[in-house]
Amino acid sequence: MKFALVILLIVSLVLLGIALVLWLFLLLHRLVDNRRTTRGEQVAHDWLGLLLPVLEEVEPVDHLPRIQSHAVLESVLELVGELNERFRGQYREQLKDVLVHIGGEDYGLELVHSRSRQQRVRGCALLGWTSLNPNVDFALERCLRDVDGQVRVEAAYSLSLRQESGVTLQAVLASLREGGCLESERVRDIVRKYAPTRVRELASLLTREESAREKVLLLDAISVAGDLAQAGVVAAQLTHPAPSVRAAAVLTLEKLSDPEHMEQVAALTKDTDPKVRLAVAKYSVSMGRNAGARYLLWQLAQDVNFDVQRVATHGLASVKGDFWERLRAGCHQDPLLESLIEEAIEAASPTLVRS
Amino acid sequence: MTSPPVEWTQSFWFTESVWLTSTFILILQSAQNAVYLYNIFLALPEFIHARARASRLSEWWMITSEATPPVSLLVPAYNEETTIVESLRSLLTLRYPEYEIIVVNDGSKDNSLGSLIEAFKLQPVKRAVPRRVAYAEVLGIYACEDLPNLLVVDKANGGKADALNAAMDLASHPYVCSVDADSLLDSDALIRAVRPFIDHPETTMAVGGTIRVANGCTVRAGQVLEVRPPRRWVELFQAVEYLRAFLLTRMAWTRSESVTIISGAFGIFRRETLLELGGYEHGTVGEDMELVVRMHRWAAAKGVNHAVHHVPDPVCWTEAPSTLKVLSRQRTRWQRGLCETLWKHRDMLFRPKFGRVGMLALPSFLIFDILSPLLELLGLVMVPLCYLAGILSLEFFLAYCAVVFSFGMCLSLSAMILAEYSLQHHRNVGDLIRLGIGAIVENFGYRQLNSWWRVKGIWQFLRNKKGWGEMTRRGFNERQHGG
């Protein structure tokens, strides 16, 4: 017992000693870090003066000095990133040239080979903003086969920013299947970036892929592309067993402003999933000029789900017509519907009704 | 030097029972500290992971992306006249692509509603009230044309849970975020907190952000401009405690997939799930913990693959009580809330069906937060007295002191070091020295006081005491360092 108590005493004191040493280490680290930050801020300040004339194309990019140290390069890269964000991509092309000139591209290629996952992710992100270069595309395609899912997502995103690379959307999606990467909403943005130039590939994949998640992503991208010619392929998904796919298909038809498949969409007003019915309500709102759509809205305004009811009632209030009057006339049995109608009237003409 | 033993203390049964009780207390305290130490190691990769995630998903991408989900902020307010306008202004400056704010005036006796109407030029509007969850009567709904994302609901008093239920029922976005009206959110807090919902939208059910003490910080126009540690000792101890007991422990729980508390001051939930669960529970003071535990129960019953996260970098700033009297009220109330939740969900304890929540999280609350404070206080009185009476040896006394104080200091310092190393909130070296001193000194009095308040909370729970008690606040306006 005595021995155990002495051990306990020693362990507690040793642990306290370690914590005190770590505290001292933290203080020293913060001192060094503060100095590094101050130096970085000075570098960023100096480079801002150098970069602005280059971005405004007052001076050529060759006027910028070459960077030798990694610490300075990191500070300048941070500044470049900040400028890109602040000016919302306004100087994107000039910044690409700057990145190549200051050695950002080489640095990115170096980072993607790093053993650290975080560095590889940073490398991929950096390469996404550089100019056309087959070496960069090759490095990023190689990263699509990385063991780490985060690196693959970042590489896929960077490749989506570099539309000219030869990598197919199918290859990108295949690389993201493992490790649950496809689940991330970020992949939605990646697939969307391919939408304007790869509509046919999207449609072809939509018919071939079996996974519900991939179908949702592809449908979403088709809606961004806005190609009405694909409406038939989209409508074929209205009977898919997964509610997420059915809902995405309806929303895509809504974005495509497709009136041709209204009958098939109408069949979903009795769908068991409220998300699908909500999508139908949104579709019907956008087709509001059509009498068939107004009938759907009238039906959905009496749905059991409040969100569906609200969208439908507001939609019907904005187009008015016979079904709106019918809804108003029959709402007295249902106080919630009555209040929704009042809300919708106020929303449609905010100056008319103020309680 | 020990005093000569008193005769009756020499009886066999007395010395044996003292020895056994003391040994049990020592073992329990050592075990508790070992678990906390283990939590530090468990939290370590979670902090690193959070940083890596931050660099991957750049905030810029999230702000511009349509994939970032719209969020409804639910702000219950009761007698918050001094802080509500400032808090709301802070919420209106959040960097987030699409969000709405629903403030619920929960029958305040002060002029909370009037100050809101005046500050934001609110007008009454018509809104359908679906009542998918239970809450008291809605007296009026207000909005303004200049701020279409702001809605103010005036309702009869029903408590915080009631107000949150009303807000979530009127919310229109798929995710809802509860925010205390007396708190301030960092402008990037929401965009950072929503990350798990973007990474794993199918499985993430709730996300909690980190709550930190604003006392001592420079606050202007609803934003924390400069992070400084509090000047007053009682506030400083709380600042350290928020890092040790809340941030670090919750990061460890995230790692072990057993987060059971998401602070009511800042937590994001899926609205659909909340409505299906029937919203927040009425009549409890620990409605935030109760909701998360009920969520785990619901998910286990339905066989839903789910995750509850705690994210360290999104920060919500709160005003910590600056007097022991108010702090005592707050802590006894928290303890009552814990007892109420554990009692209500006692059938989840030690049940493998509820996974790590049933087998790990809830039992550790029972042992370390309910039983331990009782024994801790007993040990603090009994061990020194019995040593002086010659019943316990010097080795035992020293080992006990080492476990209570050295181990305690080690844990407080380590938590502070880990949080500051990874999140870098305090840039000033002097501030880190001050926080370190706070981490050391809190072990001599403050932690013991906390145990006392916990015991008081348990007593109040046993006596079925209800209600929140009055919380006096000074407000954020004009708060400067040392103010």
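What comes next is a walk through the structure. (Residues numbered from 1 in each chain as written. Chains lettered and ligands numbered in written order. Predicted model: local features only at pLDDT ≥ 70, side-chain atom pairs only at ≥ 80, totals over all residues. Heavy atoms only, no water.)

**Concerning the overall build of chain A**
Here's step 1: A tally of regular secondary structure across chain A gives 19 helices and 0 strands.
Here's step 2: The C-alpha atoms of chain A give a radius of gyration of 29 Å, which is well past the 20 Å a tight globule of 355 residues would have.
Here's step 3: If one aligns the C-alpha atoms of chain A with their principal axes, the spans along those axes are about 75 × 75 × 50 Å.
Here's step 4: In chain A, which comprises 355 residues, the share counted as buried stands at 50%.
Here's step 5: Within chain A, contacts between residues at least 6 apart in sequence are counted, and of these 64% link residues at least 24 apart.
Here's step 6: Just so you have it, chain A exposes about 17,400 Å², and 56% of that area is on carbon and sulfur atoms. (Helix = DSSP H or I, 4+ residues; strand = E, 2+ residues; numbered from the N terminus. Rg over C-alpha atoms; globule rule 2.2 N^0.38 Å. Buried < 20%, exposed > 50% of the residue type's maximum accessible area, 1.4 Å probe, protein only. Contact = heavy atoms within 4.5 Å. Areas by Shrake-Rupley, 256 points an atom, 1.4 Å probe, with all protein chains shown as cover.)

**Section: the interface of chain A and chain B**
Here's step 1: The partner chain B presents 62 residues to the 51 residues of chain A that form the contact.
Here's step 2: Taken together, both faces of the contact between chain A and chain B bury some 5,100 Å²; the carbon and sulfur share is 63%.
Here's step 3: Our count for the chain A to chain B interface comes out at 7 salt bridges.
Here's step 4: Ionic pairing is found between B:Arg271 and A:Asp307, a salt bridge with its closest N-O pair at 3.0 Å.
Here's step 5: Inspection of the chain A/chain B interface yields 9 residue pairs in polar contact (both at pLDDT 80 or more).
Here's step 6: Broken down by secondary-structure element, the contributors of at least two residues to the side of chain A that touches chain B are α1 (2–55), α5 (117–127), α7 (149–161), α9 (186–194), α17 (306–319) and α19 (335–348) of chain A.
Here's step 7: Here the side of chain A that touches chain B takes 21 residues from α1(A), the largest share from any one element.
Here's step 8: Its residues placed into classes, the side of chain A that touches chain B shows 22 nonpolar, 9 polar and 20 charged. (Buried area = accessible area lost by both parts, 1.4 Å probe. Salt bridge = Lys/Arg side-chain N within 4 Å of Asp/Glu carboxyl O. Polar contact = N/O pair within 3.5 Å; in protein donor to acceptor, adjacent residues only side chain to side chain. Nonpolar A, V, L, I, M, F, W, Y, C, P; charged D, E, K, R; others polar.)

**Quick word on unusual backbone geometry**
All names here are of chain B.
Here's step 1: Positioned with a positive phi, Asn79 is a non-glycine residue whose angle comes to about 50°.
Here's step 2: Checked against the element boundaries, Asn79 lands in the loop between β1 (71–77) and α3 (84–92).
Here's step 3: Unlike most non-glycine residues, Lys121 shows phi in positive territory, near 50°.
Here's step 4: In this structure, Lys121 sits in the loop between α4 (112–120) and β3 (123–124).

**Some thoughts on helix α18 (residues 322–329) of chain A**
Residue and element names in this part refer to chain A.
Here's step 1: Among all positions in α18, only Phe323, Trp324 and Leu327 are buried. Along the long axis of α18, the arc covered by the buried residues comes to 105°, so they all point the same way. Residues of α18 that are exposed and angled more than 90 degrees away from the buried face: Asp322 and Ala329.
Here's step 2: Contact partners of the buried residues in α18: α16 (291–300), α17 and α19. (Arc of directions from axis to C-beta.)

**Things to note about the nonpolar core**
Here's step 1: Residues A:Val191, B:Leu73, B:Leu91, B:Ile101, B:Val103, B:Leu190 and B:Phe266 are the most contacted members of the largest nonpolar core, which totals 124 residues.
Here's step 2: A total of 7 residues in this core trace back to one element, the largest contributor, which is α7(A).
Here's step 3: Ignoring any residue separated from it by four or fewer positions in sequence, one finds B:Leu91 in contact with B:Leu73, B:Val75, B:Tyr99, B:Ile101, B:Val179 and B:Leu185.
Here's step 4: Within the second largest apolar cluster, 50 residues are counted, among which are B:Ala161, B:Met168, B:Val292 and B:Leu349. (Core = buried A, V, L, I, M, F, W, Y, C linked by side-chain atoms within 4.5 Å.)

**Quick look at the side chain of A:Arg213**
Residue and element names in this part refer to chain A.
Here's step 1: With respect to the helices and strands, the residue Arg213 is situated in helix α11 (residues 212–225).
Here's step 2: A distance of 2.8 Å separates a polar side-chain atom of Arg213 from the backbone oxygen of Leu182.
Here's step 3: For Arg213, the side chain forms a polar contact with the main-chain oxygen of Ser184, separated by 3.2 Å.
Here's step 4: Beyond its immediate sequence surroundings of up to four residues, Arg213 is in contact with Leu182, Glu183, Ser184, Glu185 and Arg188.

**Some points on the pairing of strand β2 (residues 99–106) of chain B**
Residue and element names in this part refer to chain B.
Here's step 1: With 8 of its 8 residues buried, β2 lies for the most part within the structure.
Here's step 2: The side-chain alternation of β2 yields two buried faces, one formed by Tyr99, Ile101, Val103 and Asn105 and the other by Glu100, Ile102, Val104 and Asp106.
Here's step 3: The sheet contact formed by β1 and β2 spans 7 bridges and is parallel. Among the inter-strand pairings, Leu74 is bridged to a residue of β2, identified as Ile102.
Here's step 4: Since β1 and β2 lie parallel, the crossover through α3 that links them has a hand, and here it is right-handed. (Pairing = 2+ DSSP bridges. Right-handed = clockwise from strand over helix to strand, strands pointing away.)

**A closer look at the pattern of salt bridges**
All names here are of chain A.
Here's step 1: Tallying each qualifying case throughout the model produces 42 salt bridges over all chains.
Here's step 2: Glu74 serves as the salt-bridge partner of Arg122, at 2.6 Å between the closest nitrogen and oxygen. Taken as a pair, Arg122 in helix α5 and Glu74 in helix α2 (residues 70–86) lie far apart in primary sequence, 48 residues in all.
Here's step 3: Members of the salt-bridge network, linked through shared partners, are Glu185, Arg188, Arg192, Arg213 and Asp220.

**Some remarks on the packing of aromatic side chains**
Here's step 1: This structure, assessed with the given rule, holds 12 aromatic pairs over all chains.
Here's step 2: On the numbers, 4.5 Å between centres and 50° between planes, the contact of B:Tyr175 with B:Phe197 is tilted. With B:Tyr175 in strand β6 (residues 175–179) and B:Phe197 in helix α7 (residues 195–199), this pair connects stretches of sequence that are 22 residues apart.
Here's step 3: Given a relative accessible area of 10%, B:Tyr175 falls into the buried group.
Here's step 4: Ring geometry for B:Tyr387 and B:Phe397: centres 4.6 Å apart, planes at 10°, overall stacked. Taken together, the residues span a long stretch of sequence, with B:Tyr387 in helix α12 (residues 355–388) and B:Phe397 in helix α13 (residues 394–423) at a distance of 10 residues.
Here's step 5: Given the relative accessible area of 11%, B:Tyr387 is considered buried.
Here's step 6: Members of the aromatic cluster, joined through ring pairs, are A:Tyr295, A:Trp298 and A:Phe323.
Here's step 7: For the cation-ring pair, A:Arg326 lies above A:Trp298, with the distance from its terminal atom to the ring centre recorded as 4.2 Å. (Phe/Tyr/Trp six-rings, centres within 6.5 Å; stacked < 30°, edge-to-face > 60°. Lys NZ or Arg CZ within 6 Å of the ring centre and 35° of its normal.)

**Considerations on the pairing of strand β8 (residues 204–213) of chain B**
Every other side chain in a regular strand lies on the same face of the sheet, so the side chains alternate between the two faces.
Residues and elements named next belong to chain B.
Here's step 1: Counting buried residues in β8 gives 10 out of 10 residues, a clear majority hidden from the surface.
Here's step 2: Of the strand pairs in this sheet, β8 and strand β12 (residues 307–318) are connected by 8 bridges, and their pairing is parallel. Bridge pairing in β12 links Gly208 to His310.
Here's step 3: When β8 meets strand β11 (residues 266–270), the two strands line up antiparallel, connected through 3 bridges. Bridging from a neighbouring strand, Val207 pairs with Ile268 of β11.

**A few points about the sheet that holds β2(B)**
All names here are of chain B.
Here's step 1: If you trace the 10 strands from one edge of the open sheet to the other, you get β3-β4-β5-β2-β1-β6-β11-β8-β12-β7, paired in mixed fashion. Where the open sheet ends on each side, the last strands, each with one partner, are β3 and β7 (183–185).
Here's step 2: Sheet topology places β6 next to β11; 5 bridges connect them, and they run antiparallel. Counterpart to Tyr175 in the pairing with β11 is Arg270.

**Some points on the packing of α5(A) against α7(A)**
All names here are of chain A.
Here's step 1: In contact at an axis separation of 8 Å, α5 and α7 are set at 5° when each is read in the N-to-C sense. Judged on the interaxial angle alone, α7 and α5 are roughly parallel. Contacts between α5 and α7 involve Arg117, Arg120, Val121, Cys124 and Ala125 on the former and, on the latter, Gln150, Val151, Glu154, Ala155 and Ser158.
Here's step 2: Classifying every residue of the contact of α5 with α7 by side-chain character gives 5 nonpolar, 2 polar and 3 charged. (Axes fitted to C-alpha atoms, helices over the stretch in contact; angles between N-to-C directions. Parallel < 35°, antiparallel > 145°, perpendicular 65-115°, else oblique.)

**Notes on the state of the cysteines**
Here's step 1: In total, this model carries 0 disulfides over all chains according to the counting rule given.
Here's step 2: A:Cys143 supplies the cysteine sulfur nearest to A:Cys124, a cysteine that is in no disulfide, at a spacing of 3.7 Å.
Here's step 3: Left without a disulfide partner, B:Cys217 is nearest to the cysteine sulfur of B:Cys316, which lies 12 Å away. (Disulfide = S-S within 2.5 Å.)

Read these as geometric descriptors, not functional statements.
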